[in-house]
Amino acid sequence: MPSQEVNPDLLKERHTATFDPHEFAVFWAGGEERYKEKKSLEKMFLEDPALKDDLPISYLSHKELYEHSLRKACIIGEKIRKLRAEGEDGVDTYNALLGGSLGAAILKEGNPLTLHYVMFVPTIMGQGTMDQQVEWLSKAWDCEIIGTYAQTELGHGTFLRGLETRADYDARTQEFVINTPSLSAYKWWPGGLGHTANHAVVVAQLYTKGEFRGLAPFIVQLRHSDTHEPLPGIDIGDIGTKLGMKSVNNGYLGLKNVRVPLNNMLMKNQQVLPDGTYVAPKNSVLTYGTMMFVRCALIRDTAQSLAKASTIATRYSAVRRQSPIDPNQPEPQIMDHTTQQLKLFPQIAKSIVFKTTGDGIWNMYNVLSGEIEQGNLDRLPEMHALSCCLKAICSADAAAGVETCRLSCGGHGYMDCSNFPTIYGMTTAVCTYEGENTVMLLQTARYLVKVYGQALNGEKLVPTVAYINDALKERQFVNFDGSLESIVKAFQFVAANKIRIAYEQIEQRRRQGHSTEMAANLSGTFLTAAADLHGRAFLAESAYTELLAVSRQVSPALADVLKVVLELYLVDACLNRIGDFLRFIDITDKDVTTLEIRLQNCLKQLRPNAVTLVDSFDLHDRVLDSVLGAYDGNVYERIFESTKKNPLNKEPVNEAFHKYLKPFMKAHL
């Protein structure tokens, strides 16, 4: 085993810190109470020997990995039952175990029961009537039934109107007859669908009295309650190995004349009466609530991914020594190279900004949910647009950031035991599930173009797009002084102009005779660019507002560090979009040079606190699961130790030598 002593370079880094890491860890956890809950959960789950891996899971077959993961998922489920019985199963517990760091520590490649908790149960809660919730929720919470959410198909994903699965109502028997009429209609991708779930919420095109009514969700039993055999008309299985999320048990589902009772259609928002009469929802967008809930949660998940990757890379960069800066001096820590700092420190800053923004979005969603329950839908389109673009931007930036961190570790980052392959696989998956990122940006852009037209008509816009009103009044951005507030305002001005251009492009094409839909398609690149800048403007304002607010509540020492993090994030974000800034704002060459020098100064200021800052993310070694990023920094010992677990090294001569290599080598004799 690696030495228990901490690497001296890491010790030195921790001694140079100017702030208390515990104070940051409490802030990161969400307060003292949540910090204690986090530690309690870690003790409960990470110290359980039944939840540890004797062999690295990368050496398991696909079948072995599923069986191994399901065993641990059931242990987790049993512990959740116990927490529920004691009234200690809050939202944070589920977030930690199913989407957060704790769950990833136990099940590196994902939990086959996750969709049961994060999609199946919330869909029943959000779209089921009170009677349906009484019937289904207790069974689901107690895991008497295991569910998943089957919406995506082999031929259609984000474009929901294109789904082919069909549900026809038979008034004679008061049942729905559900079919997947073609191969492309097969449900594809739902987690846990392959061999785990015995029920699913199946989203299908609804027909009653021979008329198309739109999409509707149905609870469908897939497997026998005792034998787990697929029921008649059900064709079901696992879709196979993937880049990441290898133990989630993503599945496929075909349905042939599968009948479900009338009450199995979730009817909180729309109803079908026994005679087949259809009662439409008051607002069609209400049915998208489940996916909006998940997208809001995903924003916070991207922060955790970046936190893990930047912790591993930063600790490794403090231990690894290479490439003398001064030929007469010993090899320095690679973190002393400015180029290495530029790879790492912006990722640390992004993880903090994504976390604070994600917390804010989560709170906005909860407020909105309360308003929807009261029948107030005024801010639903705004929230939908914001969650779409932030999901797209944060997932794309996080995936790119994880890869940057991997590259910063050189060849060792390519090893599976670095855990970068798994972190990247889990992170980049977010770019396509729960809405492919380009489509998400286009959905946001559609909203932005609409509100831009409203602003032109003199309407006052809602808070997250109110900057459009300001830009229309000012028309010009003057006196860019490089202050943080100025950068935020500049982002908003640039975003407003990108929205203006998208709006004008659509209007120009409509005047040329194109339909609104074709005009939008021809203007697609302008629309996605507008949505991207809108999201980045929101992130900039959120970073500025939230981190300054936190700085006023913490110690002066931590406040100083957070202000450097804020400046680094905003200056780096500005320089990454400098072309757009130059296009719409009067910025000189001197202004750009000043920003570049400020970026260098931020790196220099953050350098003494870098290791302690990632330590403050308070990520358990089991969570990181990386030979490069362990708290003790004994990198080379841990790398070598990992080779001893390799089954190939259990014998000095592999049998393949005698079967293949030796005959090949001797063949010419």
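Here the structure is a predicted model, which means the values were calculated and not measured.

Quick look at the overall build of the chain
So, point 1. Check the secondary structure of the chain and you find 24 helices and eleven strands.
So, point 2. For the chain, the C-alpha radius of gyration of 27 Å lies close to 26 Å, the compact-globule estimate for 669 residues.
So, point 3. Dimensions along the principal axes, computed over C-alpha positions, put the chain at roughly 90 × 80 × 65 Å.
So, point 4. Relative to its full complement of 669 residues, the chain shows a buried share of 53%.
So, point 5. Put simply, of all contacts in the chain between residues at least 6 apart along the chain, 73% involve residues at least 24 apart.
So, point 6. Carbon together with sulfur atoms contributes 54% to the accessible area of the chain, which is approximately 30,000 Å² in total.
So, point 7. Between the averaged position of the 70 positive side-chain charges in the chain and that of its 78 negative side-chain charges there is a distance of 3 Å.

Some thoughts on a nonpolar patch on the surface
So, point 1. There is a patch of nonpolar side chains on the surface, built from Leu661, Phe664 and Met665 and spanning about 340 Å² of accessible area.
So, point 2. Mapping methionine 665 onto the fold places it in helix α24 (residues 655-666).

Side note on helix α23 (residues 635-643)
So, point 1. Every buried residue belonging to α23 is among Val635, Ile639 and Ser642, and all of these are buried. End-on, the buried residues of α23 take up no more than an arc of 60 degrees, which puts them together on one face.

Details of the sheet that holds strand β8 (residues 251-255)
Across a sheet, paired strands are connected by hydrogen bonds in the backbone, their directions being either parallel or antiparallel.
So, point 1. Pairing in this open sheet of three strands is antiparallel, and the strands run β4-β8-β7 from one edge to the other. Of all strands in the sheet, those with a lone pairing partner are β4 (187-188) and β7 (234-238), marking the two edges.

Some words on the packing of helix α15 (residues 484-511) against helix α17 (residues 524-551)
So, point 1. Where α15 meets α17, the closest approach of the two axes is 8 Å, and the angle between their N-to-C directions is 160 degrees. Considering the angle they form, α15 stands roughly antiparallel to α17. Viewed along their axes, α15 and α17 form a crossing whose handedness is left-handed.

A closer look at the domain arrangement of the chain
So, point 1. What the domain assignment lists for the chain is domain 1 (1-27 + 287-669) and domain 2 (145-282).
So, point 2. With centres defined by C-alpha atoms, the gap from domain 1 to domain 2 works out at 36 Å.
So, point 3. The partner domain 2 presents nine residues to the 15 residues of domain 1 that form the contact.
So, point 4. Between domain 1 and domain 2 the total buried area reaches about 920 Å² when both faces are included, carbon and sulfur atoms providing 70% of it.
So, point 5. Viewed at the interface, domain 2 and domain 1 are joined by zero salt bridges.
So, point 6. Run the count over domain 1 and domain 2 and you get zero residue pairs in polar contact (both at pLDDT 80 or more).

Observations concerning the UniProt feature "binding site: FAD" (unreviewed entry) in the chain
So, point 1. Residues given the UniProt feature "binding site: FAD" (unreviewed entry) here are Thr152 and Gly191. Spanning 40 residues, the named residues form one tight spatial group whose C-alpha atoms are at most 11.0 Å apart.
So, point 2. In this fold, threonine 152 is placed in the loop between β1 (147-150) and β2 (166-170).
So, point 3. Dropping the residues within four chain positions of it, threonine 152 is found in contact with Gly157, Tyr186, Lys187, Trp188 and Trp189.

A word on the nonpolar core
So, point 1. Core analysis: the largest hydrophobic core is formed by 149 residues, its most contacted members being Phe24, Ile468 and Ile585.
So, point 2. Core analysis: the second largest hydrophobic core is formed by 25 residues, Ala150, Tyr169, Val220 and Val260 among them.

Some details on unusual backbone geometry
So, point 1. Of note, cysteine 143 is a non-glycine position whose phi angle comes to about 60 degrees, a positive value.
So, point 2. By secondary structure assignment, the location of cysteine 143 is in the loop between α8 (130-141) and β1.
So, point 3. Not every positive phi belongs to a glycine, and asparagine 257 is a case in point at roughly 50 degrees.

Examining the pattern of salt bridges
So, point 1. Taken as a whole, this structure holds 34 salt bridges when the rule is applied.
So, point 2. The closest approach of N and O atoms between glutamate 211 and arginine 213, which form a salt bridge, is 3.4 Å.
So, point 3. In the salt-bridge network here, residues are joined through shared partners; they are Lys38, Lys39, Glu42 and Asp618.

A few points about the side chain of glutamate 153
So, point 1. For glutamate 153, the location among the structural elements is in the loop between β1 and β2.
So, point 2. In terms of polar contacts, glutamate 153 uses its side chain to reach the side chain of lysine 187, at 3.1 Å.
So, point 3. Leaving out residues up to four positions away in the same chain, glutamate 153 has contacts with Leu163, Glu164, Thr165, Ser184, Ala185, Tyr186, Lys187 and Trp188.

Things to note about the packing of α15 against helix α18 (residues 556-576)
So, point 1. One way to put it is that α15 packs onto α18 with a least axis distance of 10 Å and a crossing angle of 40 degrees. Considering the angle they form, α15 stands oblique to α18. When you trace α15 past α18, the crossing you get is left-handed. For the pair α15 and α18, contact is made by Leu484, Ile487, Val488 and Phe491 and by Leu566, Glu567, Leu570, Val571, Ala573 and Cys574, respectively.
So, point 2. Taken together, the residues of the contact of α15 with α18 sort by class into nine nonpolar, no polar and one charged.

What counts and how
Residues numbered from 1 in each chain as written. Predicted model: local features only at pLDDT ≥ 70, side-chain atom pairs only at ≥ 80, totals over all residues. Heavy atoms only, no water. Helix = DSSP H or I, 4+ residues; strand = E, 2+ residues; numbered from the N terminus. Rg over C-alpha atoms; globule rule 2.2 N^0.38 Å. Buried < 20%, exposed > 50% of the residue type's maximum accessible area, 1.4 Å probe, protein only. Contact = heavy atoms within 4.5 Å. Areas by Shrake-Rupley, 256 points an atom, 1.4 Å probe, with all protein chains shown as cover. Lys, Arg positive; Asp, Glu negative; His and termini not counted. Charge placed at Lys NZ, Arg CZ, Asp CG, Glu CD. Patch = residues over 30% accessible without salt bridge, like charges linked within 9 Å, V, L, I, M, F, W, Y side chains within 5 Å. Salt bridge = Lys/Arg side-chain N within 4 Å of Asp/Glu carboxyl O. Arc of directions from axis to C-beta. Pairing = 2+ DSSP bridges. Axes fitted to C-alpha atoms, helices over the stretch in contact; angles between N-to-C directions. Parallel < 35°, antiparallel > 145°, perpendicular 65-115°, else oblique. Left-handed = near helix turned anticlockwise from the far one by under 90°. Domains from an automatic or database assignment. Buried area = accessible area lost by both parts, 1.4 Å probe. Polar contact = N/O pair within 3.5 Å; in protein donor to acceptor, adjacent residues only side chain to side chain. UniProt positions renumbered as here; feature names shortened; annotations may be inferred. Core = buried A, V, L, I, M, F, W, Y, C linked by side-chain atoms within 4.5 Å. Nonpolar A, V, L, I, M, F, W, Y, C, P; charged D, E, K, R; others polar.

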